[in-house]
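Observations on chain architecture
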Amino acid sequence: QKEVEQDPGPLSVPEGAIVSLNCTYSNSAFQYFMWYRQYSRKGPELLMYTYSSGNKEDGRFTAQVDKSSKYISLFIRDSQPSDSATYLCAISTQGGSEKLVFGKGTKLTVNP
Amino acid sequence: DARVTQTPRHKVTEMGQEVTMRCQPILGHNTVFWYRQTMMQGLELLAYFRNRAPLDDSGMPKDRFSAEMPDATLATLKIQPSEPRDSAVYFCASYSPTYEQYFGPGTRLTVT
């Protein structure tokens, strides 16, 4: 079993839809959870970071962590065409975001 | 606007040739990562350095890959000899004290 599993999609939604992206992980030692966004032919960039169970909100984005189920989610409200990108979950056992294990990424397309 | 730079952005080479990729981390970031991204495997950590010393290169094929940091402003990744299976996008990332990895734009390598 891979350490981090992420459905690669692709996921295609209409503008304004609520998007749910998910990852599962196997190692209960993972404590730090991140979502990166990667536009086509660009490097990933950090979108959200959390280290505890529960929800963290930033504008239209909400990151959710359930450590008991080893399940993390990213929700995007009122999705926009500019949200079209690949979203990668990233998890670490160490402080901050050093030595991350990445999911394979979910490719999202938001259609106008 | 501080950012990680990578050269070259694109490289096409023939099997058996040596390939050198270069990365300039953000000034003041003392931890540097090399990743490889493919459709099949996603983003994989190859090696990383802290204060120019290698900390972990377990993700790197030792017989043909080598990574160095000759000074604080330059990290290099070499492949010798290159093989078609090395075709991928190679990313460098530097780690900030605010717990974020900043990725460069990547080097797209094609080995024919």
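Scroll up to find the structure this text is about.
Residues numbered from 1 in each chain as written. Chains lettered and ligands numbered in written order. Predicted model: local features only at pLDDT ≥ 70, side-chain atom pairs only at ≥ 80, totals over all residues. Heavy atoms only, no water.

1. So, the overall build of chain A
- Summing up its helical and strand segments, chain A has 0 helices and 11 strands in all.
- Shown N-terminal to C-terminal, the secondary structure of chain A runs as helices and strands in the order β-β-β-β-β-β-β-β-β-β-β.
- The C-alpha radius of gyration computed for chain A amounts to 13 Å, which stays within 12% of the reference 13 Å derived for 112 residues, consistent with globular compactness.
- Considering only contacts within chain A whose residues lie at least 6 apart along the sequence, 55% involve residues at least 24 apart.
- Total accessible area computed for chain A in this model is approximately 5,400 Å², and 46% of it derives from carbon and sulfur atoms.
- Of the charged side chains in chain A, 12 are positive and 11 negative; the average position of the first set lies 6 Å away from that of the second. (Helix = DSSP H or I, 4+ residues; strand = E, 2+ residues; numbered from the N terminus. Rg over C-alpha atoms; globule rule 2.2 N^0.38 Å. Contact = heavy atoms within 4.5 Å. Areas by Shrake-Rupley, 256 points an atom, 1.4 Å probe, with all protein chains shown as cover. Lys, Arg positive; Asp, Glu negative; His and termini not counted. Charge placed at Lys NZ, Arg CZ, Asp CG, Glu CD.)

2. What to know about the nonpolar core
- Residues W35, I72, L74 and Y87 of chain A are the most contacted members of the largest nonpolar core, which totals 23 residues.
- Broken down by secondary-structure element, the contributors of at least two residues to this core are β3 (19-25), β4 (32-38), β5 (45-50), β7 (61-66), β8 (71-76), β9 (85-92) and β11 (106-111) of chain A.
- Of all hydrophobic cores here, the second largest spans 22 residues; its members include I26, L46, M69 and A75 of chain B. (Core = buried A, V, L, I, M, F, W, Y, C linked by side-chain atoms within 4.5 Å. Buried < 20%, exposed > 50% of the residue type's maximum accessible area, 1.4 Å probe, protein only.)

3. Focus: the side chain of T31 of chain B
- Among the secondary structure elements, T31 of chain B is positioned in strand β4 (residues 31-38).
- In this structure the side chain of T31 of chain B is engaged in a polar contact, spanning 3.2 Å, whose partner is the side chain of N30 of chain B.
- Once you skip the residues sitting within four places of it in the chain, T31 of chain B turns out to touch E98 of chain A together with Y48, F49, R50, A93, S94 and Y95 of chain B. (Polar contact = N/O pair within 3.5 Å; in protein donor to acceptor, adjacent residues only side chain to side chain.)

4. Looking at the packing of aromatic side chains
- Per the stated rule, a full pass over the model turns up 13 aromatic pairs over all chains.
- With 5.0 Å between their ring centres and 15° between their planes, F33 of chain B and Y48 of chain B make a pair best called stacked. Taken together, the residues span a long stretch of sequence, with F33 of chain B in strand β4 and Y48 of chain B in strand β5 (residues 42-50) at a distance of 15 residues.
- Y48 of chain B sits in the buried class, given a relative accessible area of 6%.
- Cluster of aromatic residues (ring-pair linked, three or more members): Y36 and F102 of chain A together with F33, Y35, Y48, F91, Y95 and F103 of chain B. (Phe/Tyr/Trp six-rings, centres within 6.5 Å; stacked < 30°, edge-to-face > 60°.)

5. What about the pattern of salt bridges?
Residues and elements named next belong to chain B.
- One pass over the structure, following the stated rule, counts 9 salt bridges over all chains.
- Its salt-bridge partner being E83, residue R64 comes within 3.5 Å of it at the nearest N-O pair. Here R64, found in the loop between β6 (53-56) and β7 (65-71), pairs with E83, found in the loop between β8 (74-79) and β9 (88-95); they are 19 residues apart in sequence, far enough to count as distant.
- On the accessibility criterion, R64 (8% relative accessible area) is buried.
- Shared partners join several salt bridges into a network, and the residues in it are R64, E83, R85 and D86. (Salt bridge = Lys/Arg side-chain N within 4 Å of Asp/Glu carboxyl O.)

6. Let's talk about the environment of R108 of chain B
- Turning to its location among the elements, R108 of chain B is positioned in strand β11 (residues 107-111).
- Overall, the relative accessible area of 31% leaves R108 of chain B in the partly exposed class.
- Every residue in contact with R108 of chain B, bar those within four places of it in the chain, is listed here: R41 of chain A together with R9, H10, K11, A88 and V89 of chain B.

7. Focus on the environment of F102 of chain A
- Among the secondary structure elements, F102 of chain A is positioned in strand β10 (residues 101-102).
- For the pair formed by F102 of chain A and D83 of chain A, sequence separation is 19 residues and the distance between their alpha carbons is 20 Å.
- The residues touching F102 of chain A, leaving out its near neighbours within four places in the chain, are V4, Y36, L88, C89 and A90 of chain A together with Y35, L43 and F103 of chain B.

8. Describing the state of the cysteines
- Tallied over the entire structure, the rule returns 2 disulfides over all chains.
- Disulfide partner of C23 of chain A: C89 of chain A, at an S-S distance of 2.0 Å. Taking the sign of the S-S torsion, about -100° here, the bridge from C23 of chain A to C89 of chain A comes out left-handed. With C23 of chain A in strand β3 and C89 of chain A in strand β9, the pair connects residues that are 66 residues apart, well separated along the chain. The same class applies to C23 of chain A as to C89 of chain A, namely buried.
- Across a sulfur-sulfur distance of 1.9 Å, C23 of chain B and C92 of chain B are joined as a disulfide pair. On the S-S bond that ties C23 of chain B to C92 of chain B, the torsion sits near -55°, and the link is left-handed. Of this pair, C23 of chain B sits in strand β3 (residues 19-24) while C92 of chain B is found in strand β9, placing the two residues 69 residues apart along the sequence.
- For C23 of chain B, a relative accessible area of 2% puts it in the buried group. (Disulfide = S-S within 2.5 Å.)

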